[in-house]
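Structural overview for review
Residues per chain, in single letters:
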Amino acid sequence: MRIISFNANGIRSAERKGLSRWLGKVAPDVLCIQEIKAGYDDIPQTMLPPVLVDIKQAVFEPAEKKGYSGVALLASKPFDMRRGFGSPEFDREGRYLQADFGNLSVVSAYFPSGSSGEERQNAKYRFLEAFLPHLKKLIAKKKNVVVCGDINIAHKEIDLKNWKSNQKNSGFLPEERAWLDRMFAETKLVDVFRRLDPRPEQYTWWSNRGQAWAKNVGWRIDYQLATPDIAERARAAVIYKDERFSDHAPLIIDYDFALKSSL
């Protein structure tokens, strides 16, 4: 089973840069997209079945606010679907989709950014506090869970280039990193990429300012978090950087696990 998580920073923009063509080559079993920035009528037809090869079901969850946030979940087998995680504030922003494949649940989640100011940082904290109880309930209910998404938090110093100068910036604040510590402790979820790849300078997002991409001055803020049994079945992880579809890079992880239809 191949799962890809990708912040598109606008699905129409990513598609103009060749996203669906690339997806046809790498053939994901599950594709989780964040920040689609598009309504239902604006989704490119090339990102929908049957045009998108080997994808049997595609679900999109736009934000109420036009051109903002939004997530998607596409898969090679049919699935039962849940929109939102029960938070009126954040479900309006299109931040959560869940696909159930029998005893496996895959989530596409887009955590808020707090970089625009105190108001959004406080919203980010509210999201974190609301999301953790939901996550614990999901794990208690399902045998296998994979949470994919842009979490907008770099966990450790190894996860961003300039960690010393970013300790007071959103995305690397002590309170945010402590939430991740708490989440890992209370859910037993595994950071699958880090389990497979302990090397430094492995990033998934680069600022468009300066020469961040060229100099690899990045952050690792896109994750696949899995329950222990399925995390142990992860065999290969790649941050795909040969082409650029967004300011984020797709995170590809292959699992020794057969995806089953919910039907």
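Described below are features of the structure shown in this document. (Residues numbered from 1 in each chain as written. Predicted model: local features only at pLDDT ≥ 70, side-chain atom pairs only at ≥ 80, totals over all residues. Heavy atoms only, no water.)

**What to know about the overall build of the chain**
Scanning the chain from terminus to terminus reveals seven helices and 14 strands. Expected size for 263 residues packed as a compact globule is a radius of gyration near 18 Å; at 17 Å, the chain falls within 12% of this value. Overall size of the chain, expressed as C-alpha extent along the three principal axes, is 50 × 40 × 35 Å. Scored against the burial criterion, the 263 residues of the chain give a buried share of 56%. Contacts in the chain between residues at least 24 apart in sequence constitute 70% of all its contacts with a sequence separation of at least 6. Within the structure as shown, the chain displays about 11700 Å² of accessible surface, and the carbon and sulfur contribution to it stands at 48%. (Helix = DSSP H or I, 4+ residues; strand = E, 2+ residues; numbered from the N terminus. Rg over C-alpha atoms; globule rule 2.2 N^0.38 Å. Buried < 20%, exposed > 50% of the residue type's maximum accessible area, 1.4 Å probe, protein only. Contact = heavy atoms within 4.5 Å. Areas by Shrake-Rupley, 256 points an atom, 1.4 Å probe, with all protein chains shown as cover.)

**Quick notes on the nonpolar core**
Counting 34 residues, the largest nonpolar core has Val30, Phe101, Leu104 and Tyr255 as its most contacted members. Each residue touching Tyr255, except ones within four places of it in the same chain, is listed here: Met1, Ile3, Val146, Val192, Gln224, Ile230, Arg233 and Ala234. Counting 25 residues, the second largest nonpolar core, distinct from the first, contains Tyr96, Val145, Met183 and Tyr223. (Core = buried A, V, L, I, M, F, W, Y, C linked by side-chain atoms within 4.5 Å.)

**Focus on the packing of aromatic side chains**
One pass over the structure, following the stated rule, counts 16 aromatic pairs. Here the aromatic rings of Phe85 and Phe127 are separated by 5.4 Å at their centres, their planes lie at 80°, and the arrangement is edge-to-face. Here the residue Phe85 occupies a position in the loop between strand 5 (80-83) and helix 3 (88-91), and Phe127 occupies one in helix 4 (residues 118-141), the gap between them amounting to 42 residues. Just as Phe85 is buried, Phe127 falls in that class too. Centre to centre, the rings of Phe85 and Phe131 are 5.3 Å apart; their planes meet at 85°, and the pair counts as edge-to-face. (Phe/Tyr/Trp six-rings, centres within 6.5 Å; stacked < 30°, edge-to-face > 60°.)

**A word on the sheet that holds strand 14 (residues 251-255)**
Spatially, six strands are ordered 3-4-2-1-14-13 in an open sheet, and the strand pairing comes out mixed. Of all strands in the sheet, those with a lone pairing partner are strand 3 (57-61) and strand 13 (234-239), marking the two edges. On average, each strand axis in the sheet is inclined to that of its neighbour by 10°, with strand direction left out of account. Those strands touched by helix 2 (residues 19-26) are strand 1 (2-7), strand 2 (30-34) and strand 14, and its axis lies near 165° from that of strand 1. (Pairing = 2+ DSSP bridges. Axes fitted to C-alpha atoms, helices over the stretch in contact; angles between N-to-C directions.)

**Some remarks on unusual backbone geometry**
Cis rather than trans, the peptide bond between Pro49 and Pro50 has omega equal to 0°. Its place among the elements puts Pro50 in the loop between strand 2 and strand 3.

**Describing the pattern of salt bridges**
One pass over the full model with this rule turns up 19 salt bridges. Residue Lys37 pairs with Glu35 through a salt bridge whose shortest N-O separation is 3.6 Å. Accessibility expressed as a relative area gives 25% for Lys37, which makes it partly exposed. Glu35 gets classed as buried once you look at its relative accessible area, which sits at 13%. (Salt bridge = Lys/Arg side-chain N within 4 Å of Asp/Glu carboxyl O.)

**Thoughts on the side chain of Asn166**
With respect to the secondary-structure elements, Asn166 resides in the loop between strand 8 (144-150) and helix 5 (174-187). Using a relative accessible area of 13% as the deciding quantity, one classes Asn166 as buried. A distance of 2.9 Å separates a polar atom in the side chain of Asn166 from a polar atom in the side chain of Asn169. Every residue in contact with Asn166, bar those within four places of it in the chain, is listed here: Leu160, Phe172 and Trp219. (Polar contact = N/O pair within 3.5 Å; in protein donor to acceptor, adjacent residues only side chain to side chain.)

**Examining the environment of Pro44**
One can find Pro44 in the loop between strand 2 and strand 3. According to the relative accessible area criterion, Pro44 is buried, its value standing at 15%. Each C-alpha atom, one on Pro44 and one on Arg16, is 9.5 Å from the other, the two residues being 28 residues apart in sequence. With residues near it in sequence (within four places) discarded, Pro44 still touches Ile11, Arg12 and Glu15.

**Some points on the state of the cysteines**
Scanning the model with the defined rule gives zero disulfides in all. Cysteine Cys32 remains unbridged, with the sulfur of Cys148 as its closest cysteine sulfur at 3.9 Å. Cys148 gets classed as buried once you look at its relative accessible area, which sits at 1%. (Disulfide = S-S within 2.5 Å.)

**With respect to the pairing of strand 4 (residues 71-75)**
Of all five residues that make up strand 4, five are buried, and the element is covered over most of its length. Neither face of strand 4 is exposed, since Val71, Leu73 and Ala75 on one face and Ala72 and Leu74 on the opposite face are all buried. As paired strands, strand 2 and strand 4 are joined by five bridges and run antiparallel to one another. Residue Gln34 lies in a different strand from strand 4, and its bridge partner there is Val71.

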